[in-house]
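# Structure assessment
Residue-level listing of the chains:
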Amino acid sequence: MAIKNILKYGTTSLREPSKEVHKVSKKISDLVQDLLETMYAKNGVGLAAPQIGINYRVFVLDVSSNDEPLNPMVFINPKIIKKSGAIISNEGCLSFPEAYTDVRRYKNITVKALDRNGRPFVLEANGGTLLTRCIQHEFDHLNGILFIDHCINRFEADAQLEKFNLPPVEVDKLIEEPELEKELTNND
Ligand code: NI
């Protein structure tokens, strides 16, 4: 297994939807291992397969803090089956080195997926925790969606991207989220 090169924003394949996994084969186990090794090596919280140039519906994450034991989580063919509430989340991404911006996310989600052994599981992540936000962020990667597509303020996002020599926001990719916006305004 190996630490892989992470594709940077601007690479076209990051915008392509990933393929469903039909069998959790040795190839997929190796992919999971590479994703985990690469994520830990780069001090990331999550990493999706398309970020290392493999467009399969697989992502990993570990939201444990530094003083806690490692807690790798693997999601294969994930589906978000429930979502509610709204929060503002300040996010970055290993494909956008050092750039951070505020994005809209659901506060509560339920996700269904297969684990690294191909066993189905259902996970509820509520309260806008790091886990809740991270699952949504990684899940998006599998559909070619990037965190900046959810940005609250495009001009602020652009300023961040420019500062770290990344291409600007792709305006045609911005996602309208009236439901989340409404909820966030009500929360003020
Ligand atoms: Ni990311």
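An account of the accompanying structure is given in this report. Quick caveat, the model's predicted, so the values are computed rather than measured.

## Some details on the overall build of the protein
- For the protein, the count of helices and strands is four helices and seven strands.
- Starting at the N terminus and ending at the C terminus, the protein contains elements arranged as α-β-β-β-β-β-β-β-α-α-α.
- By the compact-globule yardstick of 16 Å for 188 residues, the protein fits well, its C-alpha radius of gyration being 16 Å.
- Referenced to the eigenvectors of the C-alpha coordinate spread, the extents of the protein come out at roughly 45 × 35 × 35 Å.
- For the protein, the proportion of its 188 residues judged to be buried stands at 46%.
- Look at the contacts in the protein between residues 6 or more apart in sequence, and 65% of them connect residues 24 or more apart.

## Focus on the coordination of the nickel ion
- Every protein donor of the nickel ion is listed here as Cys-93 (SG), His-137 (NE2) and His-141 (NE2), and their distances to the metal cover 2.1 to 2.2 Å.
- Sequence positions of the residues that donate to the nickel ion give the spacing C-x43-H-x3-H. Here His-137 pairs with His-141, and both are found in helix α2 (residues 130–141), just four residues apart, close to one helical turn.
- Note on His-141: relative accessible area 1%, which makes it buried.

## A closer look at the layout of surface pockets
- Here the largest pocket defines a volume of roughly 410 Å³.
- Val-45, Glu-91, Gly-92, Cys-93 and Tyr-100 are the residues nearest the centre of the largest pocket, which is lined by 22 residues in total.
- Elements that contribute at least two residues to the lining of the largest pocket include exactly β4 (87–93), β5 (96–105) and α2.
- Grouping the amino acids of the lining of the largest pocket by side-chain chemistry returns nine nonpolar, eight polar and five charged.

## Re the pairing of strand β2 (residues 58–61)
- Where burial is concerned, the two faces of β2 agree: the one with Val-58 and Val-60 and the one with Phe-59 and Leu-61 are both buried.
- Strand direction decides the pairing type here: strand β1 (residues 46–48) and β2, joined by three bridges, are antiparallel. Residue pairing for β2: Leu-47 is matched across the bridge by Val-60.
- Pairing analysis gives four bridges linking β2 to strand β3 (residues 73–84), with the strands arranged antiparallel.

## What to know about helix α3 (residues 154–163)
- Those residues of α3 not exposed but buried are Ala-157, Asp-158 and Leu-161. For α3, the angular spread of buried residues about the axis comes to 100°, placing them on one side. Counted as exposed and oriented over 90 degrees from the buried face of α3: Phe-155 and Lys-163.
- Count one or two residues on from α3 and you reach Asn-165, which has phi positive near 55°.

## A few points about the sheet that holds β3
- Across the sheet, five strands lie side by side as β1-β2-β3-β6-β7; this open sheet has antiparallel pairing. This sheet does not close on itself; its edge strands, each paired only once, are β1 and β7 (120–125). Averaged over all neighbouring strand pairs, the angle between strand axes comes to 35°, with direction disregarded.
- The pairing of β3 with strand β6 (residues 108–114) spans six bridges and is antiparallel. Paired with Lys-82 across the bridge in β6 is Thr-110.
- Of the strands in this sheet, β1, β2 and β3 touch helix α1 (residues 26–41), which is tilted by about 35° from β2.
- Lying over the sheet, α2 contacts β1, β2, β3, β6 and β7, oriented at roughly 155° with respect to β2.

What counts and how
Residues numbered from 1 in each chain as written. Predicted model: local features only at pLDDT ≥ 70, side-chain atom pairs only at ≥ 80, totals over all residues. Heavy atoms only, no water. Helix = DSSP H or I, 4+ residues; strand = E, 2+ residues; numbered from the N terminus. Rg over C-alpha atoms; globule rule 2.2 N^0.38 Å. Buried < 20%, exposed > 50% of the residue type's maximum accessible area, 1.4 Å probe, protein only. Contact = heavy atoms within 4.5 Å. Donors = N, O, S within 2.8 Å, 3.2 Å for Na, K, Ca; no water. 1 Å grid on protein atoms, 1.4 Å probe; cavity = no way out; pocket = protein on both sides within 12 Å on 5 of 7 lines; lining within 4 Å. Points joined across faces, edges and corners; volume = space filled by probe spheres on them. Nonpolar A, V, L, I, M, F, W, Y, C, P; charged D, E, K, R; others polar. Pairing = 2+ DSSP bridges. Arc of directions from axis to C-beta. Axes fitted to C-alpha atoms, helices over the stretch in contact; angles between N-to-C directions.

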